[in-house]
Each structure stands twice: as structure tokens, then as C-alpha cells.
Amino acid sequence: MKPATEALIVIDVQNDFCPGGALAVAGGDEIVPEINALMSGFATVVLTQDWHPANHLSFADNHPGAAPFSMIDMPYGRQVLWPAHCVQGTPGAAFHSGLNTDAAQLVIRKGFRPQIDSYSAFFENDRTTPTGLEGYLRSRGVTEVTLVGLATDFCVAYSALDASRLGFRVIVQSDLCRAIDLNGSLAAARAEMLAAGVLLT
Ligand code: VGL
Ligand code: ZN
């Protein structure tokens, strides 16, 4: 068992990000068995869950005439318009049925405010509104976080960059992540993580 100063954060392993889901990530379901095995070695395990209301402004459907995967300007910056996904309480928002959710002590839900998206487990996309995860980890004495899950180039990368900015030692276990890779977003995210001192394994 790893020391209590090291936490595993499992990002958005939800049905809508797995094959057959509304925003499917290729191979998203392949990583589940090994994530389960990894969880059993960590004393602190956190899951995140993308958790949007149906009227969420990151959904293309809520912008008449806008195509999924197009970009718009929001007050907090540029925003990709996604197909509707992870709507609160729907099967798509549920964790993949193979994920051992019993191993987690905390589930952080994010993206529940209609006007702002939240890729990161730590801050909404304005990079200032906190989710509370930083306080939870610090009050438990955590100094190092390992990130796995979906999607490498959005929620995993944003979480890794924020964790690094907050002063945590950050490891992204790339083999247990899968990417959306929209217009080169995976290469860009990897470069940003490396520049921020994130350890990509
Ligand atoms: C995610 C796009 C929209 C993710 C969540 O989990 O990476 N990506 N919402
Ligand atoms: Zn989302």
C-alpha cells in the first residue's frame, strides 16, 4: 500500500465517455480493469464525475445552429461545444459498470453550473472557482497525485495542470488514460503538461 501522502484521482470513467456513449472516447472502457487494480494500492482514492444539467452551456444543443465540436467565446474564455453528455442522473453520467467505485473515499462532481464548464477536478474553466478537492487533499496530508482516466487531453490534462500549479507533485499514468484528440489537442496537452513539470509515464 502506498503512503497516505499519495492519492489516486480517477477522472470521469463514465458511460458517456466509453464506446457507445454520447461523447465516446476510443478505448475508454479498456482502461477499467487496470484502474481497478491500481486503486487497490492507494490509501486515498478520489473519483470525479462530469455532472451537467440538461441546459448546460457547453452543449451544442443549447446554442441554436451551432455544430458539435465547434468553438465559442464564453466570459471565461474559449469553449468547445460538445454533444450533450453526462446529464445528471442519466445512465450516460453513471460510472462504467466495471469500475470498482467501492474503492473510492470521495466522488467529486463537476460541471453542474449551467453557465460554466469544468474540465479540471480542482477548478472550473475560469481557473478560479474551486471544486473543493484541493482542501480535501491538503487536509488529508496529500502531496502527490496520480491521475488516470478520461479524457487525457481535456479533463485529465486540466486536472494535472491545476494540481501542478497548486504545488502537488503530479504523475499522469498515460497508459491508463484515453484521449478525444480534437484538432491536435492531445499533442498540445502533452506538451503543456510536460512544460508544467508533470511526470507523464
Ligand atoms: C470531458 C469534454 C467535456 C472530459 C468532459 O472528461 O475530458 N471532455 N466534458
Ligand atoms: Zn463535460
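Residues numbered from 1 in each chain as written. Chains lettered and ligands numbered in written order. Predicted model: local features only at pLDDT ≥ 70, side-chain atom pairs only at ≥ 80, totals over all residues. Heavy atoms only, no water.

Novice: Sorry, what's going on with helix H1 (residues 32-39) here?
Specialist: Given 3.6 residues per turn, any residue in an α-helix points the same way as the ones three and four places further on. Among the residues of H1, Val 32, Ile 35, Asn 36, Leu 38 and Met 39 are the ones counted as buried. The buried residues of H1 all sit within an arc of 165 degrees when viewed along its axis, so they share a single face. Residues Pro 33 and Ala 37 are exposed on H1 and point more than 90 degrees away from its buried face. Summarising the contacts, the buried residues of H1 are in contact with strand S1 (6-11), strand S2 (44-50), strand S6 (144-150) and strand S7 (169-178). (Buried < 20%, exposed > 50% of the residue type's maximum accessible area, 1.4 Å probe, protein only. Helix = DSSP H or I, 4+ residues; strand = E, 2+ residues; numbered from the N terminus. Arc of directions from axis to C-beta. Contact = heavy atoms within 4.5 Å.)

Novice: Could you clarify how one ought to interpret the pattern of salt bridges in this entry?
Specialist: When their charged atoms lie close together, side chains carrying opposite charge are able to pair. All told, the structure shown has 10 salt bridges when counted by the stated rule. With a closest N to O distance of 2.8 Å, Glu 30 and Arg 178 form a salt bridge. Of this pair, Glu 30 sits in the loop between S1 and H1 while Arg 178 sits in strand S7, placing them 148 residues apart in sequence. For Glu 30, a relative accessible area of 51% translates into the label exposed. Among the salt bridges present, the one from Glu 124 reaches Arg 113, with a minimum N-O distance of 2.4 Å. With Glu 124 in the loop between strand S5 (106-110) and helix H2 (133-139) and Arg 113 in the loop between S5 and H2, this pair connects stretches of sequence that are 11 residues apart. By sharing partners, the salt bridges in this structure join Asp 12, Asp 50 and Lys 110 into a single network. (Salt bridge = Lys/Arg side-chain N within 4 Å of Asp/Glu carboxyl O.)

No statement about biological role is implied by the geometric values presented.
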